[in-house]
Number of protein chains: 4
Amino acid sequence: MSFNTFGRVFRFTTWGESHGRALGAVVDGCPPGLTLSEGDIQPFLDARRPGTSRFTTQRREPDAVRILSGVFEGRTTGTPISLMIENTDQRSKDYSEVAKAYRPGHADYVYDAKYGFRDYRGGGRSSARETAARVAAGAVARAVIPEVTITAWVEAIGGDFIDPAKFDANEIGGNPFFCPDADAAKRWETLVDNARKAGSSLGAVVACEAVGVPAGWGAPLYAKLDSELAAACMSINAVKGVEIGDGFGAASLSGEGNADPMRPGDAGPEFLANHAGGIAGGISTGQPLRLRVAFKPTSSILTPVETITREGEATTLATKGRHDPCVGIRGVPVVAAMVALVLADQKLLHRAQCG
Amino acid sequence: MSFNTFGRVFRFTTWGESHGRALGAVVDGCPPGLTLSEGDIQPFLDARRPGTSRFTTQRREPDAVRILSGVFEGRTTGTPISLMIENTDQRSKDYSEVAKAYRPGHADYVYDAKYGFRDYRGGGRSSARETAARVAAGAVARAVIPEVTITAWVEAIGGDFIDPAKFDANEIGGNPFFCPDADAAKRWETLVDNARKAGSSLGAVVACEAVGVPAGWGAPLYAKLDSELAAACMSINAVKGVEIGDGFGAASLSGEGNADPMRPGDAGPEFLANHAGGIAGGISTGQPLRLRVAFKPTSSILTPVETITREGEATTLATKGRHDPCVGIRGVPVVAAMVALVLADQKLLHRAQCG
Amino acid sequence: MSFNTFGRVFRFTTWGESHGRALGAVVDGCPPGLTLSEGDIQPFLDARRPGTSRFTTQRREPDAVRILSGVFEGRTTGTPISLMIENTDQRSKDYSEVAKAYRPGHADYVYDAKYGFRDYRGGGRSSARETAARVAAGAVARAVIPEVTITAWVEAIGGDFIDPAKFDANEIGGNPFFCPDADAAKRWETLVDNARKAGSSLGAVVACEAVGVPAGWGAPLYAKLDSELAAACMSINAVKGVEIGDGFGAASLSGEGNADPMRPGDAGPEFLANHAGGIAGGISTGQPLRLRVAFKPTSSILTPVETITREGEATTLATKGRHDPCVGIRGVPVVAAMVALVLADQKLLHRAQCG
Amino acid sequence: MSFNTFGRVFRFTTWGESHGRALGAVVDGCPPGLTLSEGDIQPFLDARRPGTSRFTTQRREPDAVRILSGVFEGRTTGTPISLMIENTDQRSKDYSEVAKAYRPGHADYVYDAKYGFRDYRGGGRSSARETAARVAAGAVARAVIPEVTITAWVEAIGGDFIDPAKFDANEIGGNPFFCPDADAAKRWETLVDNARKAGSSLGAVVACEAVGVPAGWGAPLYAKLDSELAAACMSINAVKGVEIGDGFGAASLSGEGNADPMRPGDAGPEFLANHAGGIAGGISTGQPLRLRVAFKPTSSILTPVETITREGEATTLATKGRHDPCVGIRGVPVVAAMVALVLADQKLLHRAQCG
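Residues numbered from 1 in each chain as written. Chains lettered and ligands numbered in written order. Predicted model: local features only at pLDDT ≥ 70, side-chain atom pairs only at ≥ 80, totals over all residues. Heavy atoms only, no water.

An unreviewed UniProt entry lists chain A under the name Chorismate synthase, with Stakelama flava given as the organism. What UniProt states about chain A under its Pathway (unreviewed entry) heading is, verbatim, "Metabolic intermediate biosynthesis; chorismate biosynthesis; chorismate from D-erythrose 4-phosphate and phosphoenolpyruvate: step 7/7." (UniProt positions renumbered as here; feature names shortened; annotations may be inferred.)

Right, dumping it as structure tokens:
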């Protein structure tokens, strides 16, 4: 099955391939009366756009979004919002070799195994290019949750972590890595440059924080807030792990070490720690929401790797096309978008049941 | 919103509270004609059942499952299968203190914040007791995927990991920890015993492998196999992280280090590595599926922790009731059940679209 | 596929066969804090219960409902509400002949065609007995929409219609036919008695009105209020048609004859007619909701009808068991329940999007 | 809530307003490998297109469909198929009066009541123009069910019914009314012409038959084949009633008169009648599927009708714009499309569960 709709009441459906005419998203269930224009969406796409530095793929796309429906006189009408981004820079010739052999680590083989054949141009539907549609939808989601501020950043590249003590949110927008630690950003410049020049690639850890989520969002037991966030993030290309709060770190703690004590506060409880990342029992606690996402290194590397052809013959493949040396970097706006999309849905779900 | 149904075409809905009359699951969409009896389900419940060793909660429940519908003359009819487990050992008195104050780290506060009040007896709906219903449903799922063998085990307790070199699947059933490493099992005996005696608790990492999943299962982009597994596992009580394959480890690798090369094999490709954990592009590759789940230490500890009452007054709470010193241990059959439930759903979804 | 869940945010799942141990419903997404007890549900089941007059099947079931979860100290908790009704009067011997041959007009043949075999006892899952679970769920739905009053009645039996001029809502509860026209009720006594004695059966038209639905409920375009009502009613056993407002009558009108003019009223517009049955564009107008449902005569008749055996041999079948001579009569509380269930869902859906 | 996705596994989502830039559909879950081009879809749109005779609205749109994704080298890839139709003939000036006052019988008032404001141009999202997107999606559905032949026609206009004895399927395409009875077609010419000249409108009954549906499609109990068809048809603009088989006629019959006896046939049972319209217990019997749909007369008439303004003041409204005198006529391809969409979904659902 293919299943391209996400969400329960605030839903979006994406469509489009890497080298098709266009790609897009239909956002359904959006509350009416919200101010929305293409200008509100474009900055998020620009943050994700390729070709803005030498550390990302050199494919150059304006990624200009058009709103085709659902907005009238500058406000959402409550009807489906259709967003479209036309593809312009499609060098299909780069991918001719891919038509014959499976790029190891990519979805080439499994798409053939599942569907019997595939659009091999740039990965077709499995390309990370699809995440542009998510980012556009995510911008609509943000309009639904003005009370929430979402910040995402890169926490590690190739195993080199930021120093939490040097975390400065203002740094995030000031370097090509969405890095909150100025020193780490400098180190990563060399690190990613070397990888790029060597035709290699690097994994990354992306972190995200959402401040302003009130206590009570989440739909237990099978649309818990953390469960939905895990699904949303794991659906992003190249993601192999998701943690909420201390995540795998919590598995090494004792109950005492992991405790989040509460005290009476001015508005509800004041928490003395946030090991839980703002979620207990699948419901937001009112603390900042915190999660972490692991991106594998992109599988497109210059080193030849053993693989097979469509006909099952042995061959090797080296990827020479335009690729991100560290796909996690451009994953930052995507993670933020998915978090926004989940939160918008959960806000409306909560309102449905609990008024 | 509460949302207690999981799955797309093979679906289950669970109901019931820790101290209610009963709990259960309705499994819908199950293929007809499968052999199924209570005797096929009970062993999985017995593996999860509390009170079987001193390392788990001393609550004693027979957890006897009854099939109330959907099976006729020993075979599934294709209609909903209703499974019920009656609650028998309910010491409501243990929980009187909990009615007044919020146990930190538990869902007490957020249930009140969300719903306005809560069934405070044993955590009510947020109790891990609900996972019994999942395990029962998971046993039905296994009948749908006879080609798949699912094995789950504990990989670490309190930060003490097994030695992969000593992995022996036959050991898993031979100790109270579902531990595949006999030496680690011995160490954990002391470790968990000490925690239990001290009224403390420990986190754990549970791993799961599914062998026999053919290439092609998965419903991209928003019901990808890994995305569904992440959602399923993250919905389990106390889970804070999910990894597929190398997970967060992959984020520290280079593309060369993370490559899964392919060679021609006897039946489809032969893979030379499995960093991906058997999933690429959200679709199974035909390799063994591998995932890892982080369980936090249960928040019920003897050490008094600062908290607040329902009225917002400061207080402290120490938990004296019957609790698991390491809830991850009994999470093993639950993780395996959730994996089975996802795979059964994905098998049918794949059949729907791809025949 | 079997698909036994109805609703978008206020959902219910039913399970159980005619001659199984029990049947039930799980209601999910119910708002918390509503007063609910078994005593609130039982009267609706009693109205549907068989064996209360000679005009319905003589199967005698107490149809006593038990709430197994989701209610604490007399109020809904916001978690799933499990409702169970045990089967007590199961004369399986009555149905031995049915195991071999297909009752024409019943679901016997199609269940075998679809699932390969079937629970032949009393129709198994296809029995109208399942509607008891809907009626129980419908009672919960009514608690969600206290602003709405739902009334249902029989408008015609075997082509004999009530006289609209003699409509008296108080009569509905005063005769065994849910008939609002005392004269018609008398005629139907003879009509149905004759059918019963002859081993024949009669079709019926059931009407339903819901007063108090505010303007604005409905989820266009594919969960429009009328669309959901049509699906809900058509899913009831023996139903072959659904009309909203003037229904098929409107197809014979001109635009002038079908107009529903509006005037300024005290609270919103005052409508001068209600051809539309209270729904325009799939959204409630604030007028009374009106719909009509066609029930076919039950196919169980004493006259032998040609049919085939499971092996495909020719045979004839006459039904001697206990059956409703006019299944539409007991359809009245079922239609009302389905309307309540749709409205509860639509109320919450509207609140989700529009606050 | 707005809810613009239809289907369970074969799903489509539509978007777009009458006077927006474009409208479209995203078809998801389509099996891979099916031959599909714009040329396969366009003829269905042409059949629905306005302005082809004087009996339909004079709005002239080419309604040219573009496939933006999901098809590669002439075949479906199994990924979402995005279909777009640009709006070209948008005379927004025609609708200025509508911005101020509510057209009675239209969705103007309820959209304001629900969403707080509305796109008043041509009915916005509530316009029947949206059905173009359904027809495009329906053409894709037909590719999924090549074994089924769907035929739809007009059975009555303004209460003037065809003579079943004169039914000739070949006539349907030969007149502007989709009328299978040549004599009725002639009468309707005068009938509709008179209504058009008088600025009046007429209701209609549309019938549909699907031949080739095998026994076994349908997803009881809440996605029964008839239930899904009822929902699908009732979601079409101006529809007020749906009947399966004899429909309301069956409510006036006795069990003997309504019987569908079976005999052994060459391939499964041979039925001696089809009162049931090819569906029993919510599952197809293998007989031709038959349903009937009631379209009200469009509410846009030249006769002034009392209504209110947005501010609640009394006024009257006469509609002078371009409208269909009998919207049921152009409903024919829409009904056929919805039937195709339901059947494609049910085919895949059946395959999911029953292999």
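Don't stop here, the text continues.
Caption draft 1: Structural detail: the confidence of the model for chain A. Residues of chain A with pLDDT of at least 70 account for 97%, and the chain-wide mean is 94. As scored by the predictor, the complex reaches a pTM of 0.97 and an ipTM of 0.97. (pLDDT = per-residue confidence, 0-100.)

Caption draft 2: Representation of the packing of helix α4 (residues 131–144) of chain D against helix α7 (residues 327–354) of chain D in the model. Residue and element names in this part refer to chain D. Interaxial distance between α4 and α7 falls to 8 Å at its minimum, and their mutual angle equals 45 degrees. As the angle between them shows, α4 and α7 are arranged oblique. Classified by chirality, the crossing of α7 by α4 is left-handed. Facing Thr131, Arg134, Val135, Ala137, Gly138, Ala141, Arg142 and Val144 of α4, the residues of α7 in contact are Pro333, Val334, Ala336, Ala337, Met338, Ala340, Leu341, Ala344, Lys347 and Leu348. (Axes fitted to C-alpha atoms, helices over the stretch in contact; angles between N-to-C directions. Helix = DSSP H or I, 4+ residues; strand = E, 2+ residues; numbered from the N terminus. Parallel < 35°, antiparallel > 145°, perpendicular 65-115°, else oblique. Left-handed = near helix turned anticlockwise from the far one by under 90°. Contact = heavy atoms within 4.5 Å.)

Caption draft 3: Here's a closer look at the sheet that holds strand β4 (residues 65–67) of chain B. Residue and element names in this part refer to chain B. Taken in spatial order, the five strands of this open sheet run β1-β2-β3-β7-β4, and their pairing is antiparallel. The strands lining the two open edges of the sheet, one partner per strand, are β1 (5–6) and β4. Each of β4 and β7 (81–86) is contacted by helix α1 (residues 38–48), which is oriented at about 155 degrees to β4, the strand it contacts most. Contacting β2 (11–16), β3 (22–28), β4 and β7, helix α4 (residues 131–144) runs over the sheet at an angle of about 30 degrees to β3. (Pairing = 2+ DSSP bridges.)

Caption draft 4: Focus on the sheet that holds strand β10 (residues 204–211) of chain C. In spatial order, the strands read β9(C)-β8(C)-β10(C)-β16(C)-β11(C)-β11(D)-β16(D)-β10(D)-β8(D)-β9(D); together these 10 strands make up an open sheet with antiparallel pairing. Each having just a single partner strand, β9 (160–161) of chain C together with β9 (160–161) of chain D make up the two edges of the open sheet. The pairing of strand β8 (residues 149–157) of chain D with strand β10 (residues 204–211) of chain D spans eight bridges and is antiparallel. In the strand pairing of β10(D), Ala156(D) is matched with Val205(D). Lying on the sheet, helix α5 (residues 182–197) of chain C is in contact with β8 (149–157) and β9 of chain C; it crosses β8(C) at an angle near 60 degrees. Seen against the sheet, helix α6 (residues 225–234) of chain C touches β11 (239–244) and β16 (289–295) of chain C together with β11 (239–244) of chain D and runs at an angle of roughly 155 degrees to β11(C).

Caption draft 5: Fine view of helix α1 (residues 38–48) of chain D. Residues and elements named next belong to chain D. When we look at burial in α1, the residues that qualify are Ile41, Gln42, Leu45 and Arg48. Along the long axis of α1, the arc covered by the buried residues comes to 115 degrees, so they all point the same way. On its buried face, α1 is in contact with β4 (65–67), β7 (81–86), α4 and α7. (Buried < 20%, exposed > 50% of the residue type's maximum accessible area, 1.4 Å probe, protein only. Arc of directions from axis to C-beta.)

Caption draft 6: Representation of the UniProt feature "binding site: FMN" (unreviewed entry) in chain A within the structure. Per the UniProt record, the feature "binding site: FMN" (unreviewed entry) sits at Arg125(A), Ser126(A), Ser127(A), Asn237(A), Ala238(A), Gly281(A), Lys296(A), Pro297(A), Thr298(A), Ser299(A), Ser300(A) and Arg322(A). The buried category is assigned to Asn237(A), whose relative accessible area is 15%. Setting aside anything within four residues of it in sequence, one finds Asn237(A) in contact with Ser126(A), Ser127(A), Ala128(A), Thr131(A), Arg134(A), Phe295(A) and Lys224(B). For Asn237(A), the side chain forms a polar contact with the main-chain oxygen of Ser126(A), separated by 2.7 Å. Aside from chain neighbours lying at most four places away, what touches Pro297(A) is Ser201(A), Leu202(A), Gly203(A), Ala250(B), Leu253(B), Ser254(B), Gly255(B) and Asn258(B). (Polar contact = N/O pair within 3.5 Å; in protein donor to acceptor, adjacent residues only side chain to side chain.)

Caption draft 7: Highlighting the relation of the copies chain B and chain A. The transformation that overlays chain B on chain A combines an axial shift of 0.0 Å with a rotation of 180 degrees, and the residual RMSD is 0.0 Å. The relationship between the two copies is best expressed as a two-fold rotation axis. Relative to the rotation axis, the closest C-alpha in chain B is found at Ala231(B), a distance of 2.4 Å. Interface overlap between copies is the fraction of interface residues in one copy that are interface residues in the other; for chain B against chain A it reaches 100%, indicating a shared surface. (Least-squares fit on C-alpha atoms with pLDDT ≥ 70 in both.)

Caption draft 8: Local environment of the state of the cysteines. Inspection of the entire model under this criterion finds zero disulfides over all chains. Considering cysteine sulfurs only, Cys233(B) is the nearest to Cys208(B), which forms no disulfide, with 7.3 Å between them. Of the residues examined, Cys208(B) reaches a relative accessible area of 3% and is grouped as buried. Note on Cys354(B): no disulfide assigned, nearest cysteine sulfur contributed by Cys30(D) at a separation of 10 Å. (Disulfide = S-S within 2.5 Å.)

Caption draft 9: Region of interest: the UniProt feature "binding site: NADP(+)" (unreviewed entry) in chain A. Residue and element names in this part refer to chain A. UniProt's entry tags Arg48 and Arg54 with the feature "binding site: NADP(+)" (unreviewed entry), counted in the numbering of this structure. On the secondary structure map, Arg48 appears in helix α1 (residues 38–48). Discounting residues that sit within four places of it in the chain, Arg48 has contacts with Asp63, Ala128, Arg129, Thr131, Ala132, Val135, Arg330, Pro333 and Val334. Judged by its relative accessible area of 39%, Arg54 is partly exposed. Ignoring anything within four residues of it in the chain, the contact list for Arg54 reads Glu189, Asp193 and Arg196.

Caption draft 10: Looking closely at the side chain of Asp260(A). Within the element layout of this structure, Asp260(A) appears in the loop between β11 (239–244) and β12 (262–264). Although buried, Asp260(A) forms no salt bridge, and the nearest oppositely charged side chain, Lys296(B), lies 6.8 Å from it. Within polar-contact distance, the side chain of Asp260(A) engages the backbone nitrogen of His275(A) at 2.8 Å. Residues contacting Asp260(A), with those up to four places away along its chain left out, are Phe271(A), Ala273(A), Asn274(A), His275(A), Ala276(A) and Pro104(B). (Lys, Arg positive; Asp, Glu negative; His and termini not counted. Salt bridge = Lys/Arg side-chain N within 4 Å of Asp/Glu carboxyl O.)

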